[in-house]
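Inside the fold
Here is what each chain is made of, one letter per residue.
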Amino acid sequence: MPTSPTNYWPRAIIHIDMNAFFAAVEQRDFPELRDRPIGVTNGEAGTTLITCSYEARAFGVKTGMRLYEARRLCPDIVQRPARPRVYAAVSTRIMRALVDLSPDIEVFSVDEAFIDVTHCQRLHGSPPHMAHMARALVQRASNGLPCSIGVAGTKLSAKVASELKKPNGLTVVPPWETRAWLHDLPMEKICGIGPHIAEFLTRLGARTCGDVAALPLNVLVRRYGVVGKHLWLACQGLDTDPVVTEVGSPKSVGHGKVLPPRTTARRTIETYLRHMSEKVAARLRRYGLQTGRLYVGLRYTQGYAEAAFEVPYGPPDGKRFFECARRLLDGQWQGQAVTQVQVTATHIKDLNGQLDLFPADAAGSPGDSAELRRVRRALAIDRINARFGEFTLAPAELLGRSAMPNVIAPAWRPDGMRQHIPD
Amino acid sequence: MRIQIQREDLLKPLSLVGGAAERRQTLPILSNVLLRMSDAGLVLTGTDLEVEVVAKTNQTKGEAGEMTLPARKLLEICRALPAQATLDIKQEKDKATLKSGRSRFSLMTLPAGDFPSIETAQWEQTLTLEQKPLKTLLEKTQFCMAQQDVRYYLNGMLFDLSGKQLRAVATDGHRMAVSETTLPTPIDSTRQLIVPRKGIQEMIRFLGDEKVEVQLQINPNHIRLNLADLTFTCKLIDGRYPDYTKVIPSGQRTLLRIGREELRGTLNRVAILSNEKFRGVRLSLKTGSMNIVAHNPEHEEAQEELTVDYKGEDLEIGFNANYIMDAVSALESDDIEFGLSDANSSCTLHSPGDTSHQYVVMPMRL
């Protein structure tokens, strides 16, 4: 059904948003959960809902709520531990299927994607028609999971459109109607206007996208720079963000974890830090990377402590990373309760076997057999863990660690090192 | 302020100064060049607060005074004007007019009083040497400097002074260049300083091949290079350079003498099929021969054999071909000496019997 030149869209973007994705996968795989309110948590011990089914939402339960709050609103809610590998696999299948519509696809997160269909109008037909095709592809690839679709002339408008009707909605906003359509929508609908910016704009008397567009551009630029300009344009449906199909190579590799409430025991904090250090090192090794700088952070109930450590390039070593974390504990921690730890490697380079002239410590020269043994040992452990599961073989210090299920990071992508979700 | 000057008389000092002017515009005035006119002539200054270039020209007529003009635009205008054109630059309030022939340009100026200058402490040491050996010293080592390395002290060049000797050292942590030259007059102490990358690159631009002397002035925070019509000042990197003497192998087990062009040609050909990113090549030594092999991820292979005077056990060692080629290209003798010990230790490259320019390269595990 080729489109006639009169309704040809100068730019056409489809945004696909899987509805209550993790919960929907659970309900699909376990028929006894269908039509019941369910909440998905990180592992059995998780206390925060990472998502919940529409049946639970009807009671006012929301993503991000604590489980006990959800139970107060909806006593029958069923808790399900997340199965990140399954979700990632389903997502990968959906994203691969969507390529049939157009190769210009940006996987925005595990349950969201933008597709630029500008150049497929002659081939497939009008953008609204392609939205129906997209839904059919998603349903076939996922065995009928629900998704909301927005079709518009820009990425941000398409995202706003897909938000409007859930679940299984379709909202079409032709480019020539975008401005008028946005005019009366609350400005918070625009992805990028968070509570902070919204407060600033409210003080200026703006409530809708139309109000924001009516403000002088200057006001936003002076306060928020290019971001301000971008949002101002977005409120009129004029943002020009391209659909980015290339997944950039990682700038950092990090792992963080929330600790049990009121953790003050150094031993426990160290275990968490060691765990994160080993995870970062193993992940760097798995993807053949090395790091030049390690960031370590501790979050307290109030405030935080952080430090960056220069680490010598070379095969990543969790024990060395942990020593940096310990230096932060020694130097800055004064016994406060730690709520969260973070270990992040930055200044990432490919690990290519190039030996260093100035190795880590004065004692170990690169040709040194102890250094060589250490590298070989780490690689052997990695191979064992790749086969039998993450941390099958781990430092003894980690024996006492609590169960810490892995989660899907916002940076997850179906290919390359970003697909990483260890068992 | 008003000046009249021939295009060519302005172009030379302006292009010297223009390189120092900031392009990233952290402070708007840093992208400007300062023009100061006095009885002694016209003086141009450009700075990014890390380096400062002051260039003189005395072929000017005009009234004394000072003003600042956008460096890049002024340079581009100068370049684009016809040869031998006369420029007439005049400041009026916050604008300057540049007239030449039938062209007229109105340029934005910023107050000359706001133009920053690098404050330098008392100079503690002064060296005088010919331009040519200093230029050679920098050219033979500069390509080994690190670029945006977290080890910030490697993003520059070490000057190691002791007695009659000036050594320049550059390394990115994988390979290292060490060059030395003799000073006409010895200094009575030792001193180490690290000159940032940009400073070295600018110095190479300013130095000529003539037998004219150049003066270097040093204090703990700055280095200054004085030439007849130019003064270049550069902030030093505050850091501790690694002990480079420790990583120069004292004695290599094997010392091979290889034709320089032969080795360069071979590496050049073989490296075509190495991994484009890592550039790894494998050297296999057997009695009488060196076999150089490269593979890439597409499983293509390149191989070439060189005849060498190798005696001893078979040895296999991997290198980044670019590191070896850079060193081989920088050396000038017909033959080079290639020193090796084992697969995990560094190799050395220099001219036979001459270590005034030497290169140390760490291997790769392939």
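**Looking at the overall build of chain B**
A count of helical and extended segments in chain B gives 6 helices and 25 strands. Evaluated residue by residue, chain B yields a buried proportion of 56% over its 366 residues. Put simply, of all contacts in chain B between residues at least 6 apart along the chain, 66% involve residues at least 24 apart. Counting every atom, chain B has about 17,200 Å² of accessible surface; 44% of that belongs to carbon and sulfur.

**With respect to the nonpolar core**
One finds Phe159(B), Ile223(B), Leu225(B), Met290(B), Phe338(B) and Leu349(B) to be the most contacted residues of the largest nonpolar core, which totals 99 residues. The element best represented in this core is helix α6 (residues 321-330) of chain B, accounting for 7 residues. If we ignore the near neighbours within four places in the chain, the residues touching Leu225(B) are Leu134(B), Met203(B), Phe206(B), Leu207(B), Val214(B), Gln215(B), Leu216(B), Leu230(B), Thr231(B) and Phe232(B). In terms of nonpolar packing, the next biggest core, distinct from the first, is built from 44 residues, Val40(A), Met95(A), Ile105(A) and Ile149(A) among them.

**Comments concerning the pairing of strand β3 (residues 41-47) of chain B**
Residue and element names in this part refer to chain B. Burial analysis of β3 places 7 of its 7 residues in the buried class, the great majority of the element. The turn linking strand β2 (residues 32-38) back onto β3 is made up of 2 residues. In this sheet, strand β4 (residues 51-57) lies alongside β3 in antiparallel orientation, the contact comprising 6 bridges. Bridge pairing in β4 places Val-43 opposite Lys-56. Linking β3 back to β4 in an antiparallel pair, the connection comprises 3 residues, with Leu-49 at a positive phi of about 75°.

**So, a nonpolar patch on the surface**
Residue and element names in this part refer to chain A. A surface patch of nonpolar side chains, about 280 Å² in accessible area, is lined by Ile-384, Phe-388 and Leu-393. Looking at the element boundaries, Leu-393 is found in the segment after α14 (369-388). When its relative accessible area of 39% is taken as the criterion, Leu-393 is described as partly exposed.

**Some details on the sheet that holds strand β11 (residues 304-310) of chain A**
Residues and elements named next belong to chain A. Spatial strand order, β9-β12-β10-β11: 4 strands in an open sheet with antiparallel pairing. The open sheet has two free edges, formed respectively by β9 (253-263) and β11, since each of these has just one partner strand. The sheet shows a mean angle of 15° between the axes of neighbouring strands, direction not considered. The pairing of strand β10 (residues 289-300) with strand β12 (residues 338-350) spans 11 bridges and is classified as antiparallel. Paired with Val-296 across the two strands is Val-343, which belongs to β12.

**Let's talk about the interface of chain B and chain A**
Contact residues are listed per partner, giving 23 residues for chain B and 17 residues for chain A. Buried area between chain B and chain A, summed over both chains or domains, comes out near 2,000 Å², and the portion from carbon and sulfur atoms is 60%. Ranking the residues of chain B by area buried against chain A places Val150(B), Met362(B) and Arg365(B) at the top, with a combined share of 35%. Counting across the chain B and chain A interface gives 2 salt bridges. Counting across the chain B and chain A interface gives 6 residue pairs in polar contact (both at pLDDT 80 or more). In terms of residue class, the side of chain B that touches chain A is made up of 12 nonpolar, 5 polar and 6 charged.

**With respect to the confidence of the model for chain B**
Here chain B averages 93 in pLDDT, while 99% of its residues score no lower than 70. Among the scores for the predicted complex, ipTM is 0.84 and pTM is 0.68.

**Here we look at the pairing of strand β21 (residues 301-307) of chain B**
All names here are of chain B. Bridge analysis of strand β20 (residues 289-295) against β21 gives 7 bridges, and the strand direction is antiparallel. Among the inter-strand pairings, Val-293 is bridged to a residue of β21, identified as Gln-303. The turn linking β20 back onto β21 is made up of 5 residues, and His-299 within it adopts a positive phi angle of 65°.

**Here's the deal with the packing of helix α3 (residues 131-139) of chain B against helix α4 (residues 197-206) of chain B**
All names here are of chain B. It is the contact of α3 with α4, at a shortest axis distance of 10 Å, that shows an interaxial angle of 140°. In terms of orientation, α3 and α4 fall into the oblique class. Where α3 crosses over α4, the two elements pack in a sense that is left-handed. Listed contacts from α4 to Gln-131, Lys-135, Leu-138 and Glu-139 of α3 are Ile-200, Met-203, Ile-204 and Phe-206. Here the residues of the contact of α3 with α4 are counted per class, giving 5 nonpolar, 1 polar and 2 charged.

Rules and cut-offs
- Residues numbered from 1 in each chain as written.
- Chains lettered and ligands numbered in written order.
- Predicted model: local features only at pLDDT ≥ 70, side-chain atom pairs only at ≥ 80, totals over all residues.
- Heavy atoms only, no water.
- Helix = DSSP H or I, 4+ residues; strand = E, 2+ residues; numbered from the N terminus.
- Buried < 20%, exposed > 50% of the residue type's maximum accessible area, 1.4 Å probe, protein only.
- Contact = heavy atoms within 4.5 Å.
- Areas by Shrake-Rupley, 256 points an atom, 1.4 Å probe, with all protein chains shown as cover.
- Core = buried A, V, L, I, M, F, W, Y, C linked by side-chain atoms within 4.5 Å.
- Pairing = 2+ DSSP bridges.
- Patch = residues over 30% accessible without salt bridge, like charges linked within 9 Å, V, L, I, M, F, W, Y side chains within 5 Å.
- Salt bridge = Lys/Arg side-chain N within 4 Å of Asp/Glu carboxyl O.
- Axes fitted to C-alpha atoms, helices over the stretch in contact; angles between N-to-C directions.
- Buried area = accessible area lost by both parts, 1.4 Å probe.
- Polar contact = N/O pair within 3.5 Å; in protein donor to acceptor, adjacent residues only side chain to side chain.
- Nonpolar A, V, L, I, M, F, W, Y, C, P; charged D, E, K, R; others polar.
- pLDDT = per-residue confidence, 0-100.
- Parallel < 35°, antiparallel > 145°, perpendicular 65-115°, else oblique.
- Left-handed = near helix turned anticlockwise from the far one by under 90°.

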